[in-house]
Amino acid sequence: MTAYDVIVLAGGAAKRLGGADKPGVRVGGRALLDRVLGACEGAGRSVVVGGRRPTVRPVRWTREDPPGGGPLAALDAGVRCVDAATVLVLSADLPFLGEETVSRLIGTLETSGKEAALLTDADGRDQPLVAAYRTEPLRREIALLATEYGGLAGLPLRLLSHELDLARVDADPFASFDCDTWEDISTARARIREHGIVLDEWITAAKDELGIELDVDTGVLLDLARDAAHGVARPAAPLTTFLVGYAAAKAGGGPEAVAEASRKAAALALRWADEGESGTESGSKKADGSKGADAG
């Protein structure tokens, strides 16, 4: 994928949230800002425009001038801090933005020859804060708008997108879902707990909390836990997965070490279960034989 930097706009008054610190609001145990940063781990430089706060990975901080000057002023501050020829621009309140959408935006910009690639929402509306831009045209149009209007404070983003040659990208409708109200936050938190995604969300949150960067094959670990629970005893499931993690760490860590430790533990669980079944069958045969002898 084309090299890119990312600018995340994390300022704003969050009036519809009663002035709450929106980038720090947690969905699925992770701050909204961290969720957005997690979707663009391939960025060369990550710039956040807003107040400093702890983040899941290192970022460069900057502020718009004047503070609270709106998205165009914030974007101007951010674009001054990037080096790459392509820049991803995101708002900090996108709980369901994923790496696939980021890749599609960057890829569309690269192949289309356009100056920007914007995500469109389910209603077909452009989302200029879920978009990839060529850096130089972006800087050019921001400078022209500042000259034309005597500054950028309070100007709407549509003035910028109207001046650029755009490509548009359809994606997962939830990719552009943003959290402007507490009702939006509640909706996002409820969706996180849906059966199809809850485990992936939990694993990602746990990795962030523990400071682990590791691709986890949840299917392998769940199969192992099932085999240990059924073949040994229910409490063996969490204990076995813990031991697998410990063994993988001692072996140097990484997906390969986890896979090898999981394979060994799964084989042991199956052998254990086979022995239990063999013992039960032998015991049954002996019992049947004893009954026959007594009867004779």
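Residues numbered from 1 in each chain as written. Predicted model: local features only at pLDDT ≥ 70, side-chain atom pairs only at ≥ 80, totals over all residues. Heavy atoms only, no water.

Chemist: Talk me through the overall build of the protein; I want residue IDs and the actual numbers.
Modeler: Helix and strand counts for the protein come out as ten helices and nine strands. Taken over the C-alpha trace, the protein has a radius of gyration of 27 Å; the compact-globule value for 296 residues is 19 Å, which it surpasses by more than 25%. Counting all 296 residues of the protein, 44% fall into the buried class. Put simply, of all contacts in the protein between residues at least 6 apart along the chain, 65% involve residues at least 24 apart. (Helix = DSSP H or I, 4+ residues; strand = E, 2+ residues; numbered from the N terminus. Rg over C-alpha atoms; globule rule 2.2 N^0.38 Å. Buried < 20%, exposed > 50% of the residue type's maximum accessible area, 1.4 Å probe, protein only. Contact = heavy atoms within 4.5 Å.)

Chemist: Lay out the pattern of salt bridges with the relevant residues and their values.
Modeler: The final tally for this structure, using the stated rule, is 16 salt bridges. In this structure, the salt-bridge partner of Asp76 is Arg80, at a minimum N-O distance of 3.2 Å. The class of Asp76 is buried, set by a relative accessible area of 17%. Since its relative accessible area comes to 64%, Arg80 is described here as exposed. Among the salt bridges present, the one from Glu136 reaches Arg139, with a minimum N-O distance of 2.8 Å. (Salt bridge = Lys/Arg side-chain N within 4 Å of Asp/Glu carboxyl O.)

Chemist: Please give an account of the packing of aromatic side chains that cites residues and values.
Modeler: Throughout the structure, instances matching the rule amount to four aromatic pairs. An angle of 85° between the planes, with centres 5.5 Å apart, marks the rings of Phe96 and Phe174 as edge-to-face. In this pair, Phe96 is assigned in the loop between strand E6 (86-91) and helix H3 (99-112) and Phe174 in the loop between strand E9 (166-170) and helix H6 (182-192), connecting sequence segments 78 residues apart. On the basis of relative accessible area, Phe96 is assigned to the buried category, the value being 11%. Ring centres of Phe96 and Phe177 lie 5.9 Å apart, and the angle between their planes is 50°; this geometry places the pair in the tilted category. Here the residue Phe96 occupies a position in the loop between E6 and H3, and Phe177 occupies one in the loop between E9 and H6, the gap between them amounting to 81 residues. Grouping aromatic residues by their ring pairs yields a cluster made of Phe96, Phe174 and Phe177. Of note, Arg191 hangs over the ring of Phe96, and the distance from its end group to the ring centre comes to 4.7 Å. Of note, Arg191 hangs over the ring of Phe174, and the distance from its end group to the ring centre comes to 3.8 Å. (Phe/Tyr/Trp six-rings, centres within 6.5 Å; stacked < 30°, edge-to-face > 60°. Lys NZ or Arg CZ within 6 Å of the ring centre and 35° of its normal.)

Chemist: So what's going on with the side chain of Glu64? Residues and values would help.
Modeler: In this structure, Glu64 sits in the loop between strand E5 (60-62) and helix H2 (71-79). Note on Glu64: relative accessible area 6%, which makes it buried. When residues no more than four places from it in sequence are discounted, the contact partners of Glu64 are Val49, Gly69, Ala73, Ala74 and Ala77.

Chemist: Give a detailed account of the sheet that holds E6, specifying residues and quantitative values.
Modeler: Spatially, the seven strands line up as an open sheet ordered E5-E4-E1-E6-E8-E7-E9, and their pairing is mixed. Two strands lie at the open edges of the sheet, namely E5 and E9, each paired on one side alone. The sheet shows a mean angle of 25° between the axes of neighbouring strands, direction not considered. Sitting on the sheet, helix H4 (residues 135-149) is in contact with E6 and strand E8 (126-134), with an inclination near 120° to E8. (Pairing = 2+ DSSP bridges. Axes fitted to C-alpha atoms, helices over the stretch in contact; angles between N-to-C directions.)

Chemist: Talk me through the pairing of strand E7 (residues 116-120); I want residue IDs and the actual numbers.
Modeler: A large share of E7 lies buried, amounting to five of its five residues. Taking every second residue as pointing to the same face, both faces of E7 are buried, with Ala116, Leu118 and Thr120 on one and Ala117 and Leu119 on the other. The pairing of E7 with E8 spans five bridges and is classified as antiparallel. What sits directly across from Leu119, in E8, is Gln127.

Chemist: I'd like to hear about the layout of surface pockets, residue by residue, with values.
Modeler: In this structure, the largest pocket spans a volume of roughly 1200 Å³. Around the largest pocket, the lining comprises 32 residues; the ones closest to its centre are Arg30, Gly38, Ala39, Glu99 and Thr204. Of all the secondary structure elements, the ones that give two or more residues to the lining of the largest pocket are helix H1 (32-39), H3 and helix H7 (198-210). By residue number, the principal contributor to the lining of the largest pocket is H7, which donates six residues. Considered as a void within the structure, the second largest pocket measures approximately 880 Å³ in volume. Lining the second largest pocket are 34 residues; nearest its centre among them are Lys22, Pro71, Asp93, Leu129 and Asp180. Where the lining of the second largest pocket is concerned, the elements lending two or more residues are H2 and E8. Among the elements that make up the lining of the second largest pocket, the one with the highest residue count is E8 (five residues). (1 Å grid on protein atoms, 1.4 Å probe; cavity = no way out; pocket = protein on both sides within 12 Å on 5 of 7 lines; lining within 4 Å. Points joined across faces, edges and corners; volume = space filled by probe spheres on them.)

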